[in-house]
Amino acid sequence: MNFTIKNSLISVTGSYITTDVQIIDGKIAAIAPNLEIIGTVINGENKLLLPGFFNAHTHSSEMWQRGVIPPLPLELWLAHLYDFTPLDTEQVYLSALGTAVETLLSGGTSVVDHLVLIPGQELETIATVVRAYQRVGIRAFIAPLIQDESLSAGIPNGESQPDHELYFRSTGETLAIIEAAVKQFHQPEKGINILVAPTGIQLCSDDLFRGCIELSNKYNLCRHAHLLETKAQEKLAEEKYGCTAVKHLQKLGFLNSCTTLAHCVWLNESDINILAQTKSTVVHNPLSNLRLGSGIAPIIKYIQAGVNVTFGCDGASSNDSQDLLEAIKIGSILHNITEPDYQHWITPLQAVEMASLGGAKGLNVENLLGSITVGKQADLVLYDLNNLSLLPCTDPIGLLVLGRPVNVVHSAWVNGKQIINNGKITTINVDELQQELLNRSHWETPSQSTNVVKLAPHYRQVMGLD
């Protein structure tokens, strides 16, 4: 776990320097030119060294449905997703491996997995992804996705008063599962963190949120949820609470400096100020927001208000990719059309800092991760600037963020352990993973969803589409 990176480029105060970085016992020990060589020598010449990024919101098991769900808004997209046969744990394992590999190969060394649980096998599901992430070596923040209301409850009532089916598992049973998971799997020192993660206001009762707050306080856990991803959720919050979802979550006490909130598309000025005051973090998922027609989150407004923002890929059937560099690019330049003053546009350097230190802040690990700083853990990525997609030589970070970099990660380390060497994952056989994914799937075209047929008329009516 001791090594010295010689003559790599790093970004310092808006410029670049060529320097050495020394890693001892998994931590950054020194940064300076001409350092004494400790351990293995890594040639950093014509390479850019950056802190590892955070894939701060995804759903790994959605990999099995990617590319096959037709263009639909979130509420109907979810209905289509529900049509698929529940996954087995072997599928969960393989898709977690795939999510980790794709994240690492696009610059991410940490992943927040808002994990869909197999009914009746909830702890086994969590154990399966823990095993997968530990095998690959990525740092994992596992956020078991929980709810206590049925799917139809996520659509506004409008003028009707539909009867919603009771959810199959009680609120108390759900919270007990999460507490058991925390006791069994929460081991930050081993790179595995458990988060409390209600899916969002659309499918969760106040009792579930309160229970998550209690667990978070009891075990010092971070919190994660979807928030106002769609216009329908904005309408639903007004129906349920008589105020915005943000205001309601603030009243409950769910928002704090350890809370990350995925999407945040439909917030007003008051909501934005609340996020700033509570030091909550927004996870920007630009590709799924576009794919599902959810809208464009007002990210520049968040930044101007002092809200911490980072990036996520979202699940691999709402994106349908786990290419973190792609999400960072789109999530940066998308806002050039929402903000007329170009002086407020997101720069490539700012985007990199959002993806690294921004992610670390949201998960309360900014003292350990997120920057190339002496004393921090060595979650690092070395990019090959000889790669054709990063040439000719101009601004390395500009090329990385604004270009279309392909196979540019030369090396990556998590806690000082090398996970990628010369562009290849070192911890698992990726060829075997590809063959397993191929063997357990088949080519298909989008089919009609019975759940969508059932829910679409009401959705269209309340959203004013008919």
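Summarised in this report is the structure supplied together with it. (Residues numbered from 1 in each chain as written. Predicted model: local features only at pLDDT ≥ 70, side-chain atom pairs only at ≥ 80, totals over all residues. Heavy atoms only, no water.)

Remarks on unusual backbone geometry
Reasoning step 1: Here Asn 319 and Asp 320 are connected by a cis peptide whose omega angle stands at 10°.
Reasoning step 2: By the element assignment, Asp 320 lies in the loop between strand E15 (308-311) and helix H11 (324-333).
Reasoning step 3: Residue Pro 392 is reached from Leu 391 by a cis peptide bond, and omega for that bond is 0°.
Reasoning step 4: Positionally, Pro 392 belongs in the loop between strand E16 (380-384) and helix H13 (396-402).
Reasoning step 5: At Leu 228, a position not held by glycine, the phi torsion is positive, near 45°.
Reasoning step 6: The topology assignment puts Leu 228 in the loop between strand E12 (223-227) and helix H6 (231-241).
Reasoning step 7: Classification of Leu 228 by relative accessible area gives buried; the value is 2%.
Reasoning step 8: The phi torsion at Asn 415 lies on the positive side, around 55°, for a residue other than glycine.
Reasoning step 9: Structurally, the position occupied by Asn 415 is in the loop between strand E17 (409-414) and strand E18 (417-421). (Helix = DSSP H or I, 4+ residues; strand = E, 2+ residues; numbered from the N terminus. Buried < 20%, exposed > 50% of the residue type's maximum accessible area, 1.4 Å probe, protein only.)

Topic: the pattern of salt bridges
Reasoning step 1: One pass over the structure, following the stated rule, counts 13 salt bridges.
Reasoning step 2: With a closest N to O distance of 3.2 Å, Glu 102 and Arg 66 form a salt bridge. With Glu 102 in helix H2 (residues 89-105) and Arg 66 in the loop between strand E6 (53-58) and helix H1 (74-82), the pair connects residues that are 36 residues apart, well separated along the chain.
Reasoning step 3: Residue Glu 234 is joined to Lys 231 by a salt bridge in which the shortest nitrogen-to-oxygen separation is 2.6 Å. Here the residue Glu 234 and the residue Lys 231 both occupy positions in helix H6, the gap between them amounting to three residues, near one helical turn. (Salt bridge = Lys/Arg side-chain N within 4 Å of Asp/Glu carboxyl O.)

Describing empty space enclosed by the protein
Reasoning step 1: According to the stated counting rule, one finds two cavities of 30 Å³ or more in the structure shown.
Reasoning step 2: Quantified by volume, the largest cavity comes out at close to 80 Å³.
Reasoning step 3: Considering every element that reaches the lining of the largest cavity, the biggest residue donor is H1, with three residues.
Reasoning step 4: Of the residues that constitute the lining of the largest cavity, the class distribution is six nonpolar, three polar and one charged.
Reasoning step 5: Taken together, 13 residues line the second largest cavity, and the ones lying closest to its centre are Pro 51, Gly 52, Leu 369, Gly 370 and Asp 379.
Reasoning step 6: A class-by-class count of the residues in the lining of the second largest cavity yields five nonpolar, six polar and two charged. (1 Å grid on protein atoms, 1.4 Å probe; cavity = no way out; pocket = protein on both sides within 12 Å on 5 of 7 lines; lining within 4 Å. Points joined across faces, edges and corners; volume = space filled by probe spheres on them. Nonpolar A, V, L, I, M, F, W, Y, C, P; charged D, E, K, R; others polar.)

Digging into the packing of aromatic side chains
Reasoning step 1: Going through the model one piece at a time under the given rule, you end up with five aromatic pairs.
Reasoning step 2: Ring centres of Tyr 342 and Trp 345 lie 6.5 Å apart, and the angle between their planes is 75°; this geometry places the pair in the edge-to-face category.
Reasoning step 3: Under the relative-accessibility criterion, Tyr 342 is labelled exposed at 57%.
Reasoning step 4: Of the residues examined, Trp 345 reaches a relative accessible area of 30% and is grouped as partly exposed.
Reasoning step 5: In this structure, Arg 131 is placed above the aromatic ring of Tyr 93, and the distance from its NZ or CZ to the ring centre is 4.1 Å. (Phe/Tyr/Trp six-rings, centres within 6.5 Å; stacked < 30°, edge-to-face > 60°. Lys NZ or Arg CZ within 6 Å of the ring centre and 35° of its normal.)

Overview of the sheet that holds strand E14 (residues 281-284)
Reasoning step 1: A sheet is described by the order of its strands in space; here four strands give the open sequence E12-E13-E14-E15, paired in parallel fashion. The two strands at the open ends of the sheet, each matched to only one other strand, are E12 and E15. The average undirected angle you get between the axes of adjacent strands in this sheet is 30°. (Pairing = 2+ DSSP bridges. Axes fitted to C-alpha atoms, helices over the stretch in contact; angles between N-to-C directions.)

Topic: the pairing of E17
Reasoning step 1: The buried count for E17 comes to six of six residues, which makes it a mostly enclosed element.
Reasoning step 2: Sheet analysis places E16 next to E17, joined by four bridges and oriented antiparallel. Along E17, the bridge assignment pairs Val 381 with Ala 412.
Reasoning step 3: Bridge analysis of E17 against E18 gives four bridges, and the strand direction is antiparallel. Residue pairing for E18: Ala 412 is matched across the bridge by Ile 420.
Reasoning step 4: Hairpin connection, E17 to E18: the antiparallel pair is bridged by two residues, and Asn 415 has positive phi, about 55°.

Remarks on the layout of surface pockets
Reasoning step 1: One number sums up the size of the largest pocket: a volume of about 1300 Å³.
Reasoning step 2: Along the walls of the largest pocket sit 46 residues, with Leu 78, Leu 81, Tyr 82, Gln 147 and Leu 151 positioned nearest its centre.
Reasoning step 3: Of all elements in the fold, only H1, strand E9 (145-146) and helix H15 (450-462) reach the threshold of two or more residues within the lining of the largest pocket.
Reasoning step 4: Tallying contributions element by element places H1 first for the lining of the largest pocket, with five residues.
Reasoning step 5: Here the residues of the lining of the largest pocket sort into 24 nonpolar, 15 polar and seven charged.
Reasoning step 6: Each pocket or cavity is described by its volume, and for the second largest pocket that value is around 810 Å³.
Reasoning step 7: What lines the second largest pocket is a set of 25 residues, among which Met 63, Trp 64, Arg 66, Leu 437 and Ser 441 lie closest to the centre.
Reasoning step 8: Going through the elements one at a time, H2 and helix H14 (430-439) are the ones with two or more residues in the lining of the second largest pocket.

Section: the sheet that holds strand E7 (residues 108-113)
Reasoning step 1: The parallel open sheet is built from four strands, whose spatial order is E6-E7-E8-E10. Two strands lie at the open edges of the sheet, namely E6 and strand E10 (192-194), each paired on one side alone. In this sheet, adjacent strand axes meet at a mean angle of 15° when their direction is disregarded.
Reasoning step 2: Packing against the sheet, H2 makes contact with E6 and E7, and its axis sits at approximately 140° to E7.
Reasoning step 3: Each of E7, strand E8 (139-142) and E10 touches helix H3 (residues 122-136); the most contacted strand, E8, lies at about 165° to it. (Contact = heavy atoms within 4.5 Å.)

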